[in-house]
Amino acid sequence: MQVLVTRAMARARVALPLVASLALIVAVGGCSAPVAARTTAAPVYVPESIADAGRGDWETGPSAREQAYQGGTIRAASAPTVVPVRYDTTRAPTYTTTVPATFNDDIPPPPPPPPASDLSVSDLQAPPPAGATAPAPVFVGPSTSIADPCAPCPPAAAPAPISSCNLPCTEGTSMWHIRGLGGFVVYEGDDPGDNCGYWGVDFGRTFCGCWGLDVFYRWNSGTFDRATALGPAEDGGDWHHFGVKITYEGQFATNSRLFWWVGLGPEYFTTDGYDDDDSGFGVYAEAGIGYFVNRNFRIRAGVGIHGVDTDVGRENPADDGEKRWLWIIGPHIGVEVNF
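Brief notes about the overall build of the protein chain
When helices and strands are counted, the protein chain shows one helix and 14 strands. Going through the 339 residues of the protein chain one by one, you find that 26% of them count as buried. Residue pairs at least 24 apart in sequence account for 61% of intrachain contacts in the protein chain once pairs closer than 6 positions are excluded. As displayed, the protein chain has an accessible area near 22,100 Å², and 65% of this comes from carbon and sulfur atoms.

Here it is in structure tokens:
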């Protein structure tokens, strides 16, 4: 047993130097052998700020971001690219970064976008080029629907001229008028008087449609027979008539210068100069024809009739105070002025 142990130790003493020699050869050969060149894509190194420039052999090249203002927007170019480099495991890695030549960190940041409004880019005019005379600014507001202004009203049609042969009232024209007339009177009724003078005045307006309204005054005189103890005698004096009448007139034919009229209304009468004067109310009526000279002037001929209930002009003194209806009829000719 001792012999076996002794042999093993002897063998180990021989083998240990051999193993050590082989290990030394392998170590020397591993360190001196050339290292095969390997291409490895280096991780992208993106510095967080300009202060990181220079670290890890980082080189600043042209900007890879293309900033272009197109209609108020910014277009960014592609990100920087990394070019792989050779490195040795015995040294710290070196990185070379290339970027497009369009990168320029000196370009100022874009202005903030304009506030929201109803205006579009097309609503604003671009500034004129340098050296050119800028035209007057023109503002084009937001597109809104604005109704066109109303077309001007057509001019009022001129009134049709009044025909020289027609009454103005038949063509829709109202006019004021004043009339003067004169004639004589005839009495009818119990104890009639003798024929005497008669005249009067009208003032009023004839409306379109040829209806009219007048105020009038009439005067007449008369004498009545009077029986006395000394024999026949005469009783004379004056009559005054005040009244209002409604009138209507019309032409005999279109474009005829001849026309007619009628009137009717109440009156108040009074007398003076008689032995037994009286006053009271009566009625008045008239009718006649006329000639239309022009729109402002006419000639009229007619008759006015006054009906009064009076005791003036009683022949028998025994009838004094007894009233009767007395009719005073006054044919006349007159003129009329319209305005």
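From this point, things continue past the structure.
Points about empty space enclosed by the protein
On inspection of all chains with the given rule, the structure shows three cavities of 30 Å³ or more. Of the pockets and cavities examined, the largest cavity occupies roughly 60 Å³. Looking at the largest cavity, the residues that line it are Arg179, Gly180, Leu181, Asp202, Trp261, Glu286, Arg300, His332, Ile333, Gly334 and Val335. Per-element tally for the lining of the largest cavity: the top contributor is strand S14 (residues 324-338), with four residues.

Focus on the environment of Gly189
The residue Gly189 is located in strand S7 (residues 175-189) in this model. With relative accessibility at 36%, the residue Gly189 sits in the partly exposed group. In sequence terms Gly189 and Trp325 are 136 residues apart; their C-alpha atoms lie 6.5 Å from each other.

Looking at the pattern of salt bridges
In this structure the tally under the stated criterion is 15 salt bridges. Put simply, Lys245 and Asp202 hold a salt bridge, and the shortest N to O gap is 2.8 Å. One end of the pair, Lys245, is in strand S10 (residues 231-251); the other, Asp202, is in strand S8 (residues 196-206), and 43 residues separate them in sequence. Of the two residues examined, Lys245 and Asp202, each falls in the buried class. When salt bridges that share partners are traced, they join Arg179, Asp202, Asp214, Arg218, Lys245, Glu249, Glu286, Arg298, Arg300 and Glu336 into one network.

Regarding unusual backbone geometry
Excluding glycine, a negative phi dihedral is what most residues carry, and trans is how most peptide bonds are arranged. Backbone geometry places Asp191, a non-glycine residue, at a positive phi of 50°. Topologically, Asp191 is positioned in the loop between S7 and S8. The backbone phi angle of Asn255 is positive, close to 65°, even though this residue is not glycine. You can see Asn255 is positioned in the loop between S10 and strand S11 (258-272). Owing to a relative accessible area of 46%, Asn255 belongs among the partly exposed residues under this scheme.

Section: the packing of aromatic side chains
For the structure on display, the rule yields 13 aromatic pairs. Considering the side-chain rings of Trp176 and Phe203, the 5.8 Å spacing of their centres and the 15° angle between planes classify their relative orientation as stacked. Separated by 27 residues along the polypeptide, Trp176 in strand S7 and Phe203 in strand S8 bring together distant segments of the chain. Aromatic side chains Trp239 and Tyr274 sit 6.2 Å apart centroid to centroid with 65° between the ring planes, which places their arrangement in the edge-to-face category. Placement of Trp239 in strand S10 and of Tyr274 in the loop between S11 and strand S12 (279-294) is noted, with a sequence separation of 35 residues between them. The buried category is assigned to Trp239, whose relative accessible area is 0%. Tyr274 gets classed as buried once you look at its relative accessible area, which sits at 5%. Taken together, the aromatic side chains of Tyr187, Phe224, Trp239, Phe269 and Tyr274 make up a single cluster linked through ring pairs. The positively charged end of Arg298 is found above the aromatic ring belonging to Phe259, 5.4 Å away from the centroid. The ring centre of Trp261 lies 3.7 Å from the NZ or CZ of Arg300, which sits over that ring.

Criteria and thresholds
Residues numbered from 1 in each chain as written. Predicted model: local features only at pLDDT ≥ 70, side-chain atom pairs only at ≥ 80, totals over all residues. Heavy atoms only, no water. Helix = DSSP H or I, 4+ residues; strand = E, 2+ residues; numbered from the N terminus. Buried < 20%, exposed > 50% of the residue type's maximum accessible area, 1.4 Å probe, protein only. Contact = heavy atoms within 4.5 Å. Areas by Shrake-Rupley, 256 points an atom, 1.4 Å probe, with all protein chains shown as cover. 1 Å grid on protein atoms, 1.4 Å probe; cavity = no way out; pocket = protein on both sides within 12 Å on 5 of 7 lines; lining within 4 Å. Points joined across faces, edges and corners; volume = space filled by probe spheres on them. Salt bridge = Lys/Arg side-chain N within 4 Å of Asp/Glu carboxyl O. Phe/Tyr/Trp six-rings, centres within 6.5 Å; stacked < 30°, edge-to-face > 60°. Lys NZ or Arg CZ within 6 Å of the ring centre and 35° of its normal.

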